[in-house]
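One letter stands for each residue in the lines below.
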Amino acid sequence: MEENIQPINPVAFSLGPIDVHWYGIIIGVGIALALVLAIREGDRRGIHKDTFPDLMLWAIPIAIISARIYYVVFEWDYYAQNPGDIIKIWNGGIAIHGALIGSVITAYVFCKKRNISFWKIADIAAPSIILGQAIGRWGNFINQEAHGGEVSRAFLENLFLPEFIINQMYINGAYYHPTFLYESLWNFAGVLLLIGLRYVNLRRGEIFLSYVIWYSIGRFFV
């Protein structure tokens, strides 16, 4: 039976010769929802509605490039032998740490140019960032990557997971921990936490730093 399990097709649909992957669609949805959340909170706190879209125009491409560079550097043994694969981000392989480094640097420079408090922008954006990460992990699910160690099917069934998740965790003849799911749920909880902290009397920058702490704890254990 297990040999007949078919993984989810990573290609959502094709436009002529161009394959549109679920990975890109999911990342795009995450970015869009994160942007809406940031714009709404920014407007409430006196930030012009165009600020975050303008920032994203710079931050998104820089974050993607820096995320890919970060991933390639730590997988250099493979890419040194396959340099043509370096640009193939549609096959997966972007590191969130690289994206965060690139986007934070971009945001800092952007805020300096616009004469806006970087920490205020960071606090507003923190729930949006972790929301995007929570959604984006499902792109890893589709690509059958970022999973944990080997487990049994019975273990996964005891977690009361839907059948489609269990089947997608069957990779090359074995089942694996759905670590994408663990982190996604942790991040969704982080969204609620950070939104709640908006109503606590914190100093500027502390919501963003709370995001860093919350996300780091989750990553450590996962």
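See the structure printed just above.
These figures come from a predicted structure and were not determined experimentally.

Looking now at the pattern of salt bridges. According to the stated counting rule, one finds 8 salt bridges in the structure shown. Across the pair Glu41 and Arg44 runs a salt bridge, and its minimum N-O distance is 2.7 Å. Of this pair, Glu41 and Arg44 both sit in helix α1 (residues 22–44), 3 residues apart, which is roughly one turn of the helix. Residue classification places Glu41 among the buried positions, given a relative accessible area of 6%. A salt bridge links Arg198 to Glu41; the nearest nitrogen and oxygen atoms lie 3.3 Å apart. A residue pair is termed long-range when its members are at least 10 positions apart, and Arg198 in the loop between α8 (179–197) and α9 (206–221) and Glu41 in helix α1 qualify at 157 residues. For the residue pair Arg198 and Glu41, the accessibility class agrees, reading buried in each case.

In this section: the nonpolar core. The biggest cluster of nonpolar side chains holds 40 residues, and the ones touching the most others in it are Phe52, Leu55, Leu156, Tyr175, Leu194 and Tyr211. Of all the secondary-structure elements, those providing two or more residues to this core are α1, α2 (51–74), α4 (96–114), α5 (118–143), α7 (163–168), α8 and α9. The contacts of Leu194, once residues within four sequence positions are left out, are Ala126, Pro127, Ile130, Ile207, Ser210 and Tyr211.

Right, let's talk about the pairing of strand β1 (residues 11–15) for a bit. Where β1 meets strand β2 (residues 18–21), 4 bridges bridge the pair, whose relative direction is antiparallel. What sits directly across from Leu15, in β2, is Ile18. The hairpin formed by β1 and β2 contains 2 residues between the paired strands, and Gly16 there has a positive phi angle of roughly 65°.

Time to look at the packing of α2 against α5. As a packed pair, α2 and α5 sit with axes 13 Å apart at the nearest point and diverge in direction by 85°. On the basis of the axis angle, α2 is roughly perpendicular to α5. Contact residues: Thr51, Phe52 and Leu55 in α2; Ile121, Ile124 and Ala125 in α5. For the contact of α2 with α5, the residue count by class is 5 nonpolar, 1 polar and no charged.

Take the packing of aromatic side chains next. According to the stated counting rule, one finds 15 aromatic pairs in the structure shown. Considering the side-chain rings of Tyr78 and Tyr79, the 5.0 Å spacing of their centres and the 85° angle between planes classify their relative orientation as edge-to-face. Take Tyr78: its relative accessible area is 41%, and that puts it in the partly exposed class. Plain terms: the ring middles of Trp186 and Trp214 are 4.0 Å apart, the flat faces sit at 10° to each other, and that makes the pair stacked. Of this pair, Trp186 sits in helix α8 while Trp214 sits in helix α9, placing them 28 residues apart in sequence. Given the relative accessible area of 28%, Trp186 is considered partly exposed. Aromatic ring contacts, followed pair by pair, group Tyr108, Phe118, Trp119, Phe208, Tyr211 and Tyr215 into a single cluster.

Running from amino to carboxyl end, α4 crosses α5 at an angle of 155°, the nearest separation of the two axes being 12 Å. If you check the angle between α4 and α5, you find them roughly antiparallel. The element α4 and its partner α5 pack so that their crossing is right-handed. Contacts between α4 and α5 pair Ile96, Leu100, Val104, Ala107, Tyr108 and Cys111 from the former with Phe118, Ile121, Ile129, Gln133 and Arg137 from the latter. When its residues are assigned to classes, the contact of α4 with α5 shows 9 nonpolar, 1 polar and 1 charged.

Rules used in this analysis
- Residues numbered from 1 in each chain as written.
- Predicted model: local features only at pLDDT ≥ 70, side-chain atom pairs only at ≥ 80, totals over all residues.
- Heavy atoms only, no water.
- Salt bridge = Lys/Arg side-chain N within 4 Å of Asp/Glu carboxyl O.
- Helix = DSSP H or I, 4+ residues; strand = E, 2+ residues; numbered from the N terminus.
- Buried < 20%, exposed > 50% of the residue type's maximum accessible area, 1.4 Å probe, protein only.
- Core = buried A, V, L, I, M, F, W, Y, C linked by side-chain atoms within 4.5 Å.
- Contact = heavy atoms within 4.5 Å.
- Pairing = 2+ DSSP bridges.
- Axes fitted to C-alpha atoms, helices over the stretch in contact; angles between N-to-C directions.
- Parallel < 35°, antiparallel > 145°, perpendicular 65-115°, else oblique.
- Nonpolar A, V, L, I, M, F, W, Y, C, P; charged D, E, K, R; others polar.
- Phe/Tyr/Trp six-rings, centres within 6.5 Å; stacked < 30°, edge-to-face > 60°.
- Left-handed = near helix turned anticlockwise from the far one by under 90°.

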